[in-house]
Amino acid sequence: MQTEQFYEQFDAILLTLKRFALACHVNPDGDAIGSMLAMAEFLRLKGHEVKMVCPNTFPEFLAWMPGANDILVFEREDEACKAAIAEAEAIMMLDFNNLARSAVLHNEIGKTRCPRILVDHHIDPDLEHITCYYSETHVSSASEIVTEIVLHYGEQYLTESVATNLFVGIMTDTGCFSHSIYHPRTFELAGKLVGKSMPYNYIHRMIYDSFTENRLRLLAYAIGHKMEVLPDYAVAIISLTMKELNRFNFQPGDTEGIVNFPLSMKKIKMAVLVTERQDQIRLSFRSKDSFSVNDLASKHFKGGGHTNAAGGSTTVINMKTTIKRLKAILPEYEELRYDE
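Here is a short report on the structure shown in this document. Throughout this document, residue positions are counted from 1 along each chain, in the order its sequence is written. With the structure being a predicted model, the display of local features is reserved for residues of pLDDT at least 70 and the display and counting of side-chain atom pairs for 80 or more, all residues being used for whole-chain, interface and lining totals. Side-chain numbers come from the whole structure's heavy atoms, not from hydrogens or water.

## Looking at the packing of aromatic side chains
Alright, step 1. Between the rings of Phe, Tyr and Trp (Trp by its six-membered ring), a pair exists once the centres lie within 6.5 Å; its type follows the angle of the planes, with under 30 degrees stacked, over 60 edge-to-face, and the other angles tilted. Taken as a whole and judged by the stated rule, the model has 15 aromatic pairs.
Alright, step 2. On the basis of an interplanar angle of 75° and a centroid distance of 6.2 Å, the ring pair of Phe 10 and Tyr 153 is categorised as edge-to-face. Here Tyr 153 lies in helix H5 (residues 142-153) and Phe 10 lies in helix H1 (residues 3-16), a separation of 143 residues in the sequence.
Alright, step 3. Throughout, exposure labels follow a simple rule: accessible area from a 1.4 Å probe, protein chains only, divided by the maximum for the residue type, with under 20% read as buried, over 50% as exposed, and the rest as partly exposed. Assessed through its relative accessible area of 0%, Phe 10 is described here as buried. The helix count covers DSSP runs of H or I at least four residues long, the strand count covers runs of E at least two residues long, and both are numbered beginning at the N terminus.

This is how it looks when you write it as structure tokens:
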């Protein structure tokens, strides 16, 4: 769908419908929360009623974001979330390309027959039952797309809180502007947002300088004790079991960013973080240059994402088996072989 067609259809929805429900993906990150919060305020400024629903708890280091207290979390407010979705006249899906990625919200949204609007930047969106969509893979984040939408309707909607939330989304989804930047427009928009947002040093401190002691000790343990650098491949793997996570009183978001650290080594082309959860083992992939972890994750671990950042999972809850399987597929990828 071209942007002109999106705005034509979105305008029609805005003119005729009043109540919106906004949803994000499971295990929400800064982009999911930032794009949802910003879109919610934008819609309210245009006179709409808005409720935000989230599948599970989001990281504590995002709780300071303007409007975050208004987000309904399904795992603790399931009836309120169900009501928000059932009563909505339109549902907006932000930062996820497939309804399955909304986890417990999947069934609730699936029951509805109202218009659905998709705003996302992931590869291969599932557009079944989507009324209109703004899906662009060569942008940094869903927050970058929401910034474009807000500016389309006028800079008066770019309030301090909207700008702050959008800047957090772009900043976190680019690793503080270290990856996933495909064109200068990302920096142009970030500059405009910084000019309208809370002070940059405050935002940066709240996101990157708010670790708990346990989170910092978990990071040190992960790198110092659990990082395996493979001798024949330019690959590093960090694995953390539930027992190890619990040892550091794991909270949502505590593993955020760990997978990026091995990439700071010159020889490493791909880093993988493998974490054990109650019902699955999750894998987070990061890469340098042109190696596509999206292809690897989608082919072998029922996942996907972007060229340099992707995720996957397996329901075989055995850490040794998962790592053995991961290593066994590496010979398929000659570009990952380590050359002195």
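## A short note on the packing of H1 against H5
Two quantities define a packed helix pair, namely the angle between the helix axes and the distance between the axes.
Alright, step 1. All axes here are fitted lines through C-alpha atoms, helices being fitted over the stretch that makes contact, and every angle between N-to-C directions spans 0 to 180 degrees. Two numbers describe how H1 lies on H5: the axes approach to 13 Å, and their chain directions differ by 70°. With respect to H5, the element H1 is oriented roughly perpendicular. The handedness of the crossing between H1 and H5 is right-handed. Only Glu 148, Ile 149, His 152 and Tyr 153 of H5 make contact with H1, whose side of the interface consists of Phe 6, Tyr 7, Phe 10, Asp 11 and Leu 14.
Alright, step 2. All residues other than Ala, Val, Leu, Ile, Met, Phe, Trp, Tyr, Cys, Pro, Asp, Glu, Lys and Arg, Gly among them, are scored as polar; the first ten of these are nonpolar and the last four charged. Among the residues forming the contact of H1 with H5, the class breakdown is six nonpolar, one polar and two charged. Should an angle fall under 35 degrees it is called roughly parallel, over 145 degrees roughly antiparallel, and 65 to 115 degrees roughly perpendicular, with every other angle called oblique. Note on convention: the crossing is left-handed when the near helix lies turned anticlockwise from the far helix by less than a right angle, right-handed when the turn is clockwise. Residue contacts follow a heavy-atom distance rule, with two residues in contact if any of their heavy atoms lie within 4.5 Å.

## Notes on the sheet that holds strand E5 (residues 116-120)
Alright, step 1. If you walk across this open sheet you meet the six strands as E3-E2-E1-E4-E5-E6, and the pairing is parallel. Each of the sheet's edge strands pairs with one partner strand only, and the pair in question is strand E3 (72-73) and strand E6 (132-135).
Alright, step 2. For two strands to be treated as a pair, DSSP must find at least two bridges joining them. Here four bridges tie E5 to E6, and the two strands are oriented parallel to one another. Bridge pairing in E6 links Leu 118 to Tyr 133.
Alright, step 3. H1 rests against strand E1 (19-23), strand E4 (90-94), E5 and E6 of the sheet, and its axis sits at about 135° to E6.

## Description of the packing of H5 against helix H7 (residues 185-196)
Alright, step 1. Their axes nearest at 11 Å, the elements H5 and H7 cross at an angle of 65°. You can see that H5 and H7 cross each other, and the crossing is left-handed. The residues of H7 that touch H5, namely those facing Glu 144, Thr 147, Glu 148 and Leu 151, are Arg 185, Thr 186, Leu 189, Lys 192 and Leu 193.

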